[in-house]
Every structure is written in structure tokens, then in C-alpha cells.
Amino acid sequence: MSDDELGFHRWNNFGRLLDRLHVGFDKLALTYLKEAGFDHMTAAQFHVVRVMQLEGASVTAMAERAGISKQAMSKLIAAFVENDFVTWVPATGHATKQIVVTEKGRRLMKEAVSVINRVEEVFFATLNDEEREVLRNMLQRVTVANEDISNERISSWRRRRS
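Residues numbered from 1 in each chain as written. Predicted model: local features only at pLDDT ≥ 70, side-chain atom pairs only at ≥ 80, totals over all residues. Heavy atoms only, no water.

*Asks:* In this structure, what is going on with unusual backbone geometry? I would like to understand it.
*Replies:* Glycine aside, a negative phi is what most residues show, and trans is what most peptide bonds show. Positioned with a positive phi, Asp-84 is a non-glycine residue whose angle comes to about 60 degrees. If you trace the backbone, Asp-84 turns up in the loop between helix H5 (70–82) and strand E1 (86–90). (Helix = DSSP H or I, 4+ residues; strand = E, 2+ residues; numbered from the N terminus.)

Right under this line is the structure:
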């Protein structure tokens, strides 16, 4: 492999392209959220908004869905509690508490959906509706097909680190 080929493959592999898309997507989304009055939001907190559930969830469930540690999720949730986006409530029949979205949190979630739609329009403006749907379907298929593999590798990596 020549140096040119090596350089091309280092910068144009799926992981790198998806990462660049993800970072750019989040940056623009945060800009829009700040314009909407959610000016304290960080990229990590925006990631939490994506996994919040209106009906409530445990820190463990949210951390697993987000692919981060319970400790990291707890820190992020603390900021959401402080800003009145979520509250802790005792879980029926469980020893753990549930994180439940407040009315202010619902407004944040609705704005986040609107922001995501705006960002998608900007990022995928060069694609027609059919191409967007094909891309979305392909990404969903790849994600679902590899979810178990990714989760197992993350779990084994966490076990090795502890």
C-alpha cells in the first residue's frame, strides 16, 4: 500500500467519516439549541437527551443505552436535575430510583427533536428524499446487526478495566 493509499484509507474509512459526521452534527445541533435558549447544553448532555425516556428509566438503563458508564451518566443526570429537566422518583417495587422527565425536560426533548430535524435538513441537503431513506435504512441495519457485538466488546472492555 502506497503512502497516498494509506493516507486516503486513514481519513476516509467508515469510522472516521461517521465520527466527522457525528461531531459536526452535534456542533450544529448545540448551536441551534443555544439559539432556542438552552445555552448551557453540552455535547455530552445532548447525548443524554437522545436516550431520555418520558416514562422514566434507571441510571443503569440510560447508561447502557448511551454506551457510557453509570458514573458518567450519574454526573450528567445531576446537571439535568439541577436545571429541572428531570427529577428522581422512587421506582415502584424496586430499590432503585427512576429518572423522570419534568415539564421543562419535555420542552427540551421537543426542541431537541426539532433541532435534529433542522440539522438533518442541513447535513443531508445534497440527498433527495429517497437517498435519505436508503441511507437511514442502511445505517439502521448495520447498527442493529452489530449491536450485540458492540455491547459485548464494551462489556468485556469495562470488565478488563475494573
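Further notes follow.
*Asks:* Could you clarify how one ought to interpret a nonpolar patch on the surface in this entry?
*Replies:* Together, Phe-14, Leu-18 and Leu-139 make up a nonpolar patch on the protein surface, roughly 330 Å² of accessible area in all. Here Leu-18 lies in helix H2 (residues 14–35). Assessed through its relative accessible area of 44%, Leu-18 is described here as partly exposed. (Patch = residues over 30% accessible without salt bridge, like charges linked within 9 Å, V, L, I, M, F, W, Y side chains within 5 Å. Areas by Shrake-Rupley, 256 points an atom, 1.4 Å probe, with all protein chains shown as cover. Salt bridge = Lys/Arg side-chain N within 4 Å of Asp/Glu carboxyl O. Buried < 20%, exposed > 50% of the residue type's maximum accessible area, 1.4 Å probe, protein only.)

*Asks:* I tried to follow the packing of helix H3 (residues 43–51) against helix H4 (residues 59–66) on my own but got confused; where do I start?
*Replies:* In a packed pair of helices, the relevant descriptors are the angle between the two axes and the axis-to-axis distance. One can describe the packing of H3 onto H4 by two numbers: an axis separation of 9 Å at closest approach and a directional angle of 110 degrees. In terms of orientation, H3 lies roughly perpendicular with respect to H4. Each of His-47, Val-48 and Val-51 in H3 lies in contact with H4, whose residues at this interface are Met-62, Arg-65 and Ala-66. Per-class residue counts for the contact of H3 with H4 are four nonpolar, one polar and one charged. (Axes fitted to C-alpha atoms, helices over the stretch in contact; angles between N-to-C directions. Parallel < 35°, antiparallel > 145°, perpendicular 65-115°, else oblique. Contact = heavy atoms within 4.5 Å. Nonpolar A, V, L, I, M, F, W, Y, C, P; charged D, E, K, R; others polar.)

*Asks:* Just to check I follow, could you spell out the packing of aromatic side chains for this structure?
*Replies:* Two measures describe an aromatic ring pair: the distance that separates the ring centres and the angle between the ring planes. Taken as a whole and judged by the stated rule, the model has three aromatic pairs. On the basis of an interplanar angle of 50 degrees and a centroid distance of 6.1 Å, the ring pair of Phe-38 and Phe-85 is categorised as tilted. Here Phe-85 lies in the loop between H5 and E1 and Phe-38 lies in the loop between H2 and H3, a separation of 47 residues in the sequence. Accessibility assignment for this pair places Phe-38 and Phe-85 in one class, buried. Every member of this aromatic cluster is reached through a ring pair, and the members are Phe-38, Phe-80 and Phe-85. Residue placement shows Lys-104 over the ring face of Phe-85; its charged tip is 5.2 Å from the ring centre. Cation over ring: Arg-118 sits above Tyr-32, and NZ or CZ is 3.5 Å from the ring centre. (Phe/Tyr/Trp six-rings, centres within 6.5 Å; stacked < 30°, edge-to-face > 60°. Lys NZ or Arg CZ within 6 Å of the ring centre and 35° of its normal.)

Interpretation in functional terms is not warranted from these geometric data alone.
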